[in-house]
Amino acid sequence: MSTDALAAALAELPLVDHHVHGALRDDTDRAGLELMLTESDRPVPPWMTQFDSQIGFAVRRWCAPVLGLAAHAAPDAYLARRRELGAAEVTRRLLAASGIDHYLLETGYGGAEILGTDEMARASGRRVDEIVRLESVLEDVARSGVAAAELPERFRETLAARTTDAVGLKSIVAYRFGFDFDPGRPADPEVAAAAGRWLAECARTGTVRVSDPVLLRFVLWSGVDRGLPIQLHAGYGDPDVELHRCDPLLLTRFIRSVQPHGVDLLLLHCYPFQRNAGYLAQVFPHVFFDVGLGVNYTGVRSDAVVAESLELAPFAKILFSSDAWGPPELHHLGALLWRRGMLRAMAPWVGDGEWDLDEAVRVAHMIGRGNARRVYGLEGAA
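Residues numbered from 1 in each chain as written. Predicted model: local features only at pLDDT ≥ 70, side-chain atom pairs only at ≥ 80, totals over all residues. Heavy atoms only, no water.

Caption draft 1: The overall build of the protein, seen in detail. Scanning the protein from N- to C-terminus turns up 17 helices and seven strands. Taking 382 residues into account, the globule formula puts the C-alpha radius of gyration at 21 Å, and the protein, at 21 Å, falls close to it. Its C-alpha atoms give the protein principal-axis dimensions of about 65 × 45 × 40 Å. Looking at the protein residue by residue over its 382 residues, the buried ones come to 56%. A fraction of 76% describes how many contacts in the protein between residues 6 or more apart in sequence connect residues 24 or more apart. In the protein, the 39 positive side-chain charges and the 51 negative ones have mean positions that sit 1 Å from each other. (Helix = DSSP H or I, 4+ residues; strand = E, 2+ residues; numbered from the N terminus. Rg over C-alpha atoms; globule rule 2.2 N^0.38 Å. Buried < 20%, exposed > 50% of the residue type's maximum accessible area, 1.4 Å probe, protein only. Contact = heavy atoms within 4.5 Å. Lys, Arg positive; Asp, Glu negative; His and termini not counted. Charge placed at Lys NZ, Arg CZ, Asp CG, Glu CD.)

If you want it as structure tokens, here you go:
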């Protein structure tokens, strides 16, 4: 009976997805969908299908019924049903089924392919707030035309303007360099010199993409000065990352340096370093983490990832996220698999008398909702 009560409480929990991206704007074909069911940016080889993976099996098991098909529907039948319903209806159904009540939408990647904040609010019928990507703001400043000497102040002014209504910031320094960067704050003359080299490279190549470590440190410290919570991608990602340089333990000196400024740092995804992230969240009061991206892509094995996230860190330091981008299947699965992982972790503890049922429900509310509301200063902290 206690397991049934815990399952009901988790199923009814209105989640705050503290790190997520927009759903797809338009329909996609099979090749396009399969490419979005992997973090690889390389075409899927012709001798395999991404449906033969943990996430592919999860889509067919859990998303097919939401679209009116039998569980485990064949890929071709699933794609045909998607086309029949159309992108807007597929998105509406899957977002509604997720039980996500509030999206904190990171808007720095995807552009016209995905829904923006207002469109996600309309598609979901739920509140959507914005997370601003630091590197994207700097790249926009470069595109607007700026002299190297003016870039530091122009960036700070632009960041302040861009984040008037934002609830947090995001950095992809893990992608662009790695976490083994010099944690010190660069002075403006050093930033201007790096900006001169970078802007010249942008003019030469026609590509605006910041990867200079001085500039990456500059935007991070500018984010600290802005005072909003800062999300940092950690661990698993597309082939741009060098995974061994994305272990959050490499951030330890930066984390120490930030603590006196009173700014919270949120380590995103963290797979396969979720235990390392749990350690950092335990020992540093301003560090939080989630296992978002790893949950979707590990499918039925996501139970183990969720359980490992509960091992070391205080429960007030763990948050829920889906990190869904594109197919709304990822928004739905992120929530469903997290709820199931929490249930399968906690139910034996409650059943064995290790945990009280009410305490287990309270922890689920903390991680699924309350912690995000507190960290990001959302209305109330219920």
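Caption draft 2: Molecular detail of the packing of helix α15 (residues 302-309) against helix α16 (residues 328-351). Orientation of α15 relative to α16, taken along the N-to-C sense of each, is 65 degrees, at an axis distance of 8 Å. In terms of their interaxial angle, α15 and α16 are classed as roughly perpendicular. As for the relative orientation of α15 and α16, their crossing is right-handed in sense. Residues Ser302, Asp303, Val306 and Ala307 of α15 form the contact with α16, whose own contacting residues are Leu337, Trp338, Arg340, Gly341, Met342, Arg344 and Ala345. (Axes fitted to C-alpha atoms, helices over the stretch in contact; angles between N-to-C directions. Parallel < 35°, antiparallel > 145°, perpendicular 65-115°, else oblique. Left-handed = near helix turned anticlockwise from the far one by under 90°.)

Caption draft 3: Layout of helix α5 (residues 87-98). An ideal rise of 1.5 Å per residue puts 16 Å on twelve residues; α5 measures up with 17 Å between its terminal C-alpha atoms. All buried positions along α5 are accounted for by Ala87, Val90, Thr91, Leu94, Leu95 and Ser98. Projection of α5 onto a plane perpendicular to its axis shows the buried side chains occupying an angular sector of 115 degrees, all on one side. Every exposed residue of α5 that faces more than 90 degrees away from the buried side is listed here: Ala88 and Ala96. On the buried face of α5, the contacting elements are α3 (54-63), α4 (75-85), β2 (100-106), α6 (117-124) and α16. Of the residues trailing α5, Gly99 is marked for its positive phi of about 70 degrees. (Expected span 1.5 Å × (residues − 1). Arc of directions from axis to C-beta.)

Caption draft 4: Quick peek at the packing of aromatic side chains. On inspection of all chains with the given rule, the structure shows nine aromatic pairs. Ring geometry for Phe181 versus Phe254: centroids 5.6 Å apart, planes at 65 degrees, classification edge-to-face. Remark: Phe254 occurs in helix α12 (residues 252-258) and Phe181 occurs in the loop between α9 (173-176) and α10 (188-205); sequence separation between them is 73 residues. Owing to a relative accessible area of 7%, Phe181 belongs among the buried residues under this scheme. Residue class for Phe254 comes out buried when judged on its relative accessible area of 2%. (Phe/Tyr/Trp six-rings, centres within 6.5 Å; stacked < 30°, edge-to-face > 60°.)

Caption draft 5: Layout of the packing of α10 against helix α11 (residues 213-226). Running from amino to carboxyl end, α10 crosses α11 at an angle of 125 degrees, the nearest separation of the two axes being 9 Å. By the angle between their directions, the pair α10 and α11 is classed as oblique. Crossing geometry of α10 relative to α11 is assigned as left-handed. Each of Glu190, Val191, Ala194, Ala195 and Trp198 in α10 lies in contact with α11, whose residues at this interface are Val214, Leu215, Arg217 and Phe218. For the contact of α10 with α11, a count of residues per class yields seven nonpolar, no polar and two charged. (Nonpolar A, V, L, I, M, F, W, Y, C, P; charged D, E, K, R; others polar.)

Caption draft 6: Representation of the nonpolar core within the structure. By size, the foremost hydrophobic cluster in this structure holds 108 residues, and its most contacted members are Trp198, Phe254, Phe289, Trp338 and Met342. The element best represented in this core is α16, accounting for eleven residues. If sequence neighbours within four positions are ignored, Trp198 has contacts with Leu138, Glu139, Ala142, Leu151, Val208, Arg209, Val210 and Leu215. Counting residues in each nonpolar core, the second largest holds eleven residues, with Val16, Leu266, Phe288 and Leu378 among its members. (Core = buried A, V, L, I, M, F, W, Y, C linked by side-chain atoms within 4.5 Å.)

Caption draft 7: Inspection of the side chain of Ser124 at higher detail. Along the chain, Ser124 falls in helix α6. Under the relative-accessibility criterion, Ser124 is labelled buried at 14%. Within the structure, the side chain of Ser124 is placed 2.7 Å from the backbone oxygen of Met120, a separation counted as a polar contact. The residues contacting Ser124, other than those within four sequence positions of it, are Leu95 and Tyr103. (Polar contact = N/O pair within 3.5 Å; in protein donor to acceptor, adjacent residues only side chain to side chain.)

Caption draft 8: Structural view of the environment of Tyr236. Considering the arrangement of structural elements, one finds Tyr236 in the loop between β5 (230-234) and α12. Look at Tyr236 and you get partly exposed, because its relative accessible area is 21%. Considered as a pair, Tyr236 and His269 are 33 residues apart in the sequence and their alpha carbons are 7.3 Å apart. In contact with Tyr236, other than residues within four places in its own chain, are Glu39, Leu243, Tyr271, Leu293 and Tyr297.

Caption draft 9: Region of interest: the sheet that holds strand β3 (residues 127-133). Taken together, seven strands build an open sheet; the order of strands is β1-β2-β3-β4-β5-β6-β7 and the sheet is parallel. Looking at the sheet topology across the chains shown, the edges are occupied by β1 (15-20) and β7 (287-289). Strand after strand, the sheet turns through a mean of 25 degrees between neighbouring axes, direction not considered. Inspection of the sheet shows strand β4 (residues 168-171) paired to β5 by three bridges, in the parallel sense. Following the sheet pairing, Leu169 is matched in β5 by Ile230. Strands in contact with α11 are β4 and β5; relative to β5, the strand with the most contacts, it is inclined by about 145 degrees. (Pairing = 2+ DSSP bridges.)

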